[in-house]
There are 2 protein chains.
Amino acid sequence: MNNVRGHSNIVKLVSSPASSHANCEYCKARTISICAALEFDELGALDQLARKNCFQPRETLFHEHDAANVFYNITSGMVRLVKVLPDGRRTLIGFAMTGDFLGLSMADRHVYSGEALTDVSVCEFRRDGFSDLVDQYPHLLRRLHALTGHELTIAQTQMAILGRRTAVEKVVIFLLTMRDRWSHVNGSNLLVVLPMSRMDIADYLGLTVETISRTFTQLVKQKLVVIVPNGVRLVDIGRLEAIAAI
Amino acid sequence: MNNVRGHSNIVKLVSSPASSHANCEYCKARTISICAALEFDELGALDQLARKNCFQPRETLFHEHDAANVFYNITSGMVRLVKVLPDGRRTLIGFAMTGDFLGLSMADRHVYSGEALTDVSVCEFRRDGFSDLVDQYPHLLRRLHALTGHELTIAQTQMAILGRRTAVEKVVIFLLTMRDRWSHVNGSNLLVVLPMSRMDIADYLGLTVETISRTFTQLVKQKLVVIVPNGVRLVDIGRLEAIAAI
DNA sequence: CGTTGGGTTGATCGACCTCAATAAAAGTGG
DNA sequence: CCACTTTTATTGAGGTCGATCAACCCAACG
């Protein structure tokens, strides 16, 4: 979103103008995240509020049940959203990536933990300041609301998927969805980057690690995908989409 | 919410004052729905916009994929939210009841159909007018946003439930959740009203009708619930909550 | 070189689905 | 009100997909 206060890879790579907003121009999240709702001068106000921060793999951005004092806009990397059930079982709510805003609903407390899967850079917003900004710029609340609604739709679709699908269908849908989400930031690509473990995928899809593993090898044997380091390459999109039947 | 333009059971039951807002006072949805965000004078504006309407069981309020020109605030009755998967399978996203607002996300199109399970009365709001009102009263957007966030949390919790729970756990969680939701409008009660069919419950929980039926009889044999017309009576809340382990 | 954590593979078991029959309830028309 | 159909619910028998338990592989790392 903006790269004012250092740490940003982008700042290091491109020669950034002196202006404090201008860095947003080079931010991959700029056009797809909440920032897209803002005019040039409003972006300046957001800029004032933002604090650039970085996390390393396995670092926790925030804990489930903790007070949500800070909201995060992810500018690069991937974060897993983890919820622990009362009986100790672990569930993954989802994976957040470039452009995703964590804290969309502006709820008082985090309902899941956020854990970095890769190097992650974020723009952090303190709750109070952000709340004031939202009051000041109705576009921003509109945008937040629209994005929350979108998330709600995604969650409801995911519910439907988890309900009555076979393991293969779930995994294929997962792969295609990851590709689509990644394409928003990086263009369409047959390479799906999967920085998370099989266990994470299992907990996300409501399956076991063993089943995920078996399903992957099954897809490989059928020449639908090829396993590569940190991900898979989709070989036969047509048949994959037929299986998913989205 | 308001009962201005006739048809309302409430209007027939209580002698309503002449004032056009005042009817909201007798509306069961008044304190728990979006209306709760509004001041007295703002409620008047909402009142202007609202059109009272009723639906009979099996009537469709709106169809999946249709343009969402009207939003609905349910003042009594129950509505099932149905999504049809590409392969023809049916999924229930949820059940909407008194106080629920359909169209929270203000998306362009409905992502599921709404079908009346009982006699349903609603306050209808045309999209354009409602959108203007939202622009006019920031509280209202805030409230909409908060409720959308709440729905999102519910959906994510439901995802977690569907993931890794046994049939018994799912059904028990369903029953307890229905009771809790109903209690907001009617006080705590051991009688859970279930106007939907077993098929509906099955499609909601990602199970088959047979499994739902078997699970119910199992719960009855264990003296945890008693089946009554149009619902169940919870007998042993303690053990039920232990099974749910929410 | 042993250790550790993630990933794969195999064998077995069980929960839930599927198919099928029956029962109960809710409409329908005379 | 009663026969009739249609829908919904229950119960049974058998099959299957994914979980469980267990062994093994492999790469990273001290």
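Everything numeric in this text was worked out from a predicted model, so none of it was measured. (Residues numbered from 1 in each chain as written. Chains lettered and ligands numbered in written order. Predicted model: local features only at pLDDT ≥ 70, side-chain atom pairs only at ≥ 80, totals over all residues. Heavy atoms only, no water.)

Trainee: Sorry, what's going on with the protein's contact with DNA strand C here?
Mentor: In the vicinity of DNA strand C there are 15 residues, among which Arg-198, Arg-214 and Thr-217 of chain A together with Ala-167 and Thr-211 of chain B approach most closely. A share of 63% of the atoms of DNA strand C within 4 Å of the protein falls on sugar and phosphate groups. The side chain of Arg-214 of chain A places a nitrogen or oxygen atom 2.9 Å from a base nitrogen of DNA strand C. Within the contact set of DNA strand C, a base nitrogen lies 3.1 Å away from a side-chain nitrogen or oxygen of Glu-210 of chain B. Those elements that provide at least two residues to the surface near DNA strand C are helix H7 (209-221) of chain A together with helix H7 (209-221) of chain B. In terms of residues, the surface near DNA strand C owes the most to one element, H7 of chain A, which gives 4 residues. (Near = heavy atom within 4 Å. Polar contact = N/O pair within 3.5 Å; in protein donor to acceptor, adjacent residues only side chain to side chain. Helix = DSSP H or I, 4+ residues; strand = E, 2+ residues; numbered from the N terminus.)

Trainee: Whenever I open this one, unusual backbone geometry confuses me. Can you help?
Mentor: Leave glycine aside and you will find that most residues have negative phi; peptide bonds, for their part, are mostly trans. Residues and elements named next belong to chain B. Of note in the backbone geometry, His-65 takes a positive phi value of approximately 75° without being a glycine. Tracing the backbone shows His-65 in the loop between strand S2 (60-62) and strand S3 (70-76). Judged by relative accessible area, His-65 falls into the exposed class, the value being 54%. We note that Lys-223 has phi near 55°; this positive angle belongs to a residue other than glycine. Locating Lys-223 in the fold gives a position in the loop between H7 and strand S10 (225-228). (Buried < 20%, exposed > 50% of the residue type's maximum accessible area, 1.4 Å probe, protein only.)

Trainee: Sorry if this is basic, but what is going on with the domain arrangement of chain A here?
Mentor: Interface size is commonly expressed as the accessible surface area that is lost when the partners come together. Residues and elements named next belong to chain A. For chain A, the assigned domains read domain 1 (2-157) and domain 2 (163-244). For the pair domain 1 and domain 2, the summed buried area comes to about 1,300 Å², and 65% of that belongs to carbon and sulfur atoms. Contact with domain 2 buries area across many residues of domain 1, yet Arg-90, Phe-95 and Met-97 alone supply 43% of it, more than any other trio. Where domain 1 meets domain 2, there are 4 salt bridges. (Domains from an automatic or database assignment. Buried area = accessible area lost by both parts, 1.4 Å probe. Salt bridge = Lys/Arg side-chain N within 4 Å of Asp/Glu carboxyl O.)

Trainee: Whenever I open this one, the relation of the copies chain B and chain A confuses me. Can you help?
Mentor: Between the two chain copies there is a screw-like relation: a rotation about an axis and a shift along it. Take chain B, turn it by 180°, move it 0.0 Å along the axis, and it overlays chain A with an RMSD of 0.1 Å. These values place the two chain copies in the arrangement generated by a two-fold rotation axis. Looking at chain B, 100% of its interface residues are interface residues in chain A too, so the copies touch through the same face. (Least-squares fit on C-alpha atoms with pLDDT ≥ 70 in both. Contact = heavy atoms within 4.5 Å.)

Trainee: Teacher, can you tell me more about the protein's contact with DNA strand D here?
Mentor: Surveying the vicinity of DNA strand D reveals 16 residues, the closest of which are Ala-167 and Thr-211 of chain A together with Arg-198, Arg-214 and Thr-217 of chain B. The sugar and phosphate moieties of DNA strand D supply 64% of its atoms located within 4 Å of the protein. Contact distances for DNA strand D include 3.1 Å between a base nitrogen and a side-chain N or O atom of Glu-210 of chain A. Between DNA strand D and Thr-211 of chain A, the relevant distance is 2.2 Å, taken from a phosphate oxygen to a side-chain nitrogen or oxygen of the residue. Top contributing element to the surface near DNA strand D by residue count: H7 of chain B, with 4 residues. For the surface near DNA strand D, the class distribution of residues is 3 nonpolar, 7 polar and 6 charged. (Nonpolar A, V, L, I, M, F, W, Y, C, P; charged D, E, K, R; others polar.)

Trainee: What is the right way to look at the sheet that holds strand S7 (residues 113-116) of chain B in this model?
Mentor: Backbone hydrogen bonds hold the strands of a sheet together, and the pairing may be parallel or antiparallel. Residue and element names in this part refer to chain B. Across the sheet, which stays open at both edges, the 4 strands sit in the order S2-S7-S4-S5 with antiparallel pairing between neighbours. Strands at the two margins of the open sheet, each flanked by one partner only, are S2 and strand S5 (90-97). Adjacent strand axes in the sheet meet at a mean angle of 30° when their direction is disregarded. Sheet topology note: the S2/S7 ladder contains 2 bridges and is antiparallel. Each residue of the ladder has a partner; that of Thr-60, found in S7, is Glu-115. Packed onto the sheet, helix H5 (residues 167-186) meets strand S4 (78-84) and S5 and runs at close to 30° relative to S5. Contacts from helix H6 (residues 198-205) reach S4 and S5, with the element oriented near 105° to S5. (Pairing = 2+ DSSP bridges. Axes fitted to C-alpha atoms, helices over the stretch in contact; angles between N-to-C directions.)

Trainee: Would you explain the interface of chain B and chain A in this entry?
Mentor: Of the residues lining the interface, 44 residues belong to chain B; the matching set on chain A comes to 44 residues. For the chain B and chain A pair, buried surface summed over both sides reaches about 3,700 Å², with 63% attributable to carbon and sulfur atoms. When the buried area of chain B at its contact with chain A is split by residue, His-145, Met-159 and Arg-164 of chain B rank highest and sum to 22% of it. The tally of links between chain B and chain A comes to 6 salt bridges. Between Asp-203 of chain A and Arg-164 of chain B there is a salt bridge, and its shortest N-O distance comes to 2.8 Å. Our count for the contact surface shared by chain B and chain A stands at 14 residue pairs in polar contact (both at pLDDT 80 or more). Those elements that place two or more of their residues in the side of chain B that touches chain A are S5, helix H3 (127-136), helix H4 (138-163) and H6 of chain B. Ranked by residues supplied to the side of chain B that touches chain A, first place goes to H4 of chain B with 17 residues. Here the residues of the side of chain B that touches chain A sort into 21 nonpolar, 13 polar and 10 charged.

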